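In case you want the letters, here they are:
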Amino acid sequence: MTARPPSDDAPQGDAGPLTPGQQAELAAANERAQKILKAGRVATFNGWTIGTFGVLSVLLGLGSLTALVVGAGLLVVAWNELRGRNMVRRFDPAGARLLGRNQLGLMGLIIAYCLWSIYGTLHHPSETIRELEQVTGGPGSVTHLVAWGYAAVIVLSMLLQGFNARYYFARVAQLESYTRSTPGWILQLQRATSGLRQ
């Protein structure tokens, strides 16, 4: 049985497991992937930041059912953010969809909390607010100021979480295009090393 001569595409000598052509193809694919993988870095920041606020809300709100519910909601959002991050790192378009929906869920949580707080402030002001209004001499002035503060948070959340959701949803088409146009062996290699990415 005669040995088959190596093809032009086969690695030669000590050149490594990839031919120069394959190395160039991998480098080009990695370059194209950078914009997509940036979404993973954004999700990492968001996930750990939201998770920190969730833990603080739970720890500092042990006597408040509202704080516990909000804290638990933030922890769920943080977990989904990091889960979506891992899916994006493996070039799974479903990860970008999850991240986009997760931001909409966070927006809903913030809006619900602020609306509940506005209702409580206007109809059941805390003792601190009553004392401040006695000092300022203007009944309702502090109450309305606090309510407007919560309204401002609603607007900011709609802008910030809305922008983040749009950013993530835009990555869906990019991921689908990338997985269609990238050779399977490159995708397998990138997915196998996804845990090494920062």
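Above this note sits the structure.
Residues numbered from 1 in each chain as written. Predicted model: local features only at pLDDT ≥ 70, side-chain atom pairs only at ≥ 80, totals over all residues. Heavy atoms only, no water.

**Description of a nonpolar patch on the surface**
Next, step 1: On the surface, Phe 53, Val 55, Leu 56, Leu 59, Leu 60 and Leu 75 cluster together to form a nonpolar patch covering roughly 600 Å² of accessible area.
Next, step 2: The element that contributes the greatest number of residues to the nonpolar patch is helix H1 (residues 20-60), accounting for five residues.
Next, step 3: Its location among the elements puts Val 55 in helix H1.
Next, step 4: Residue classification places Val 55 among the partly exposed residues on the basis of a relative accessible area of 41%. (Patch = residues over 30% accessible without salt bridge, like charges linked within 9 Å, V, L, I, M, F, W, Y side chains within 5 Å. Areas by Shrake-Rupley, 256 points an atom, 1.4 Å probe, with all protein chains shown as cover. Salt bridge = Lys/Arg side-chain N within 4 Å of Asp/Glu carboxyl O. Helix = DSSP H or I, 4+ residues; strand = E, 2+ residues; numbered from the N terminus. Buried < 20%, exposed > 50% of the residue type's maximum accessible area, 1.4 Å probe, protein only.)

**A few points about the environment of Gly 95**
Next, step 1: Mapped onto the fold, Gly 95 is located in helix H3 (residues 93-123).
Next, step 2: Taking relative accessible area as the criterion, Gly 95 reaches 0% and is therefore assigned buried.
Next, step 3: Once residues lying within four places of it in the same chain are set aside, the contact partners of Gly 95 are Gly 84, Met 87 and Val 88. (Contact = heavy atoms within 4.5 Å.)

**Observations regarding the packing of H1 against helix H6 (residues 184-192)**
Next, step 1: Viewed as axis vectors pointing N to C, H1 and H6 meet at an angle of 60 degrees, and their least axial separation amounts to 11 Å. Crossing geometry of H1 relative to H6 is assigned as right-handed. Of the residues in H6, those touching H1 at Gln 22, Glu 25, Leu 26, Ala 29, Asn 30 and Ala 33 are Trp 185, Ile 186, Leu 189 and Gln 190.
Next, step 2: Class assignment for the residues of the contact of H1 with H6 results in six nonpolar, three polar and one charged. (Axes fitted to C-alpha atoms, helices over the stretch in contact; angles between N-to-C directions. Left-handed = near helix turned anticlockwise from the far one by under 90°. Nonpolar A, V, L, I, M, F, W, Y, C, P; charged D, E, K, R; others polar.)

**Concerning the pattern of salt bridges**
Next, step 1: Taken as a whole and judged by the stated rule, the model has one salt bridge.
Next, step 2: Put simply, Glu 176 and Arg 97 hold a salt bridge, and the shortest N to O gap is 2.7 Å. In this pair, Glu 176 sits in helix H5 (residues 141-181) while Arg 97 sits in helix H3, placing the two residues 79 residues apart along the sequence.
Next, step 3: For Glu 176, a relative accessible area of 28% corresponds to the partly exposed category.
Next, step 4: With relative accessibility at 31%, the residue Arg 97 sits in the partly exposed group.

**Here's the deal with the layout of surface pockets**
Next, step 1: Within this model, the largest pocket holds a volume of roughly 420 Å³.
Next, step 2: Residues of the lining of the largest pocket, tallied by class, amount to 14 nonpolar, six polar and no charged.
Next, step 3: The computed volume of the second largest pocket comes to approximately 160 Å³.
Next, step 4: Surrounding the second largest pocket, Ser 64, Thr 66, Ala 67, Val 70, Tyr 113, Trp 116, Ser 117, Tyr 119 and Gly 120 form its lining. (1 Å grid on protein atoms, 1.4 Å probe; cavity = no way out; pocket = protein on both sides within 12 Å on 5 of 7 lines; lining within 4 Å. Points joined across faces, edges and corners; volume = space filled by probe spheres on them.)

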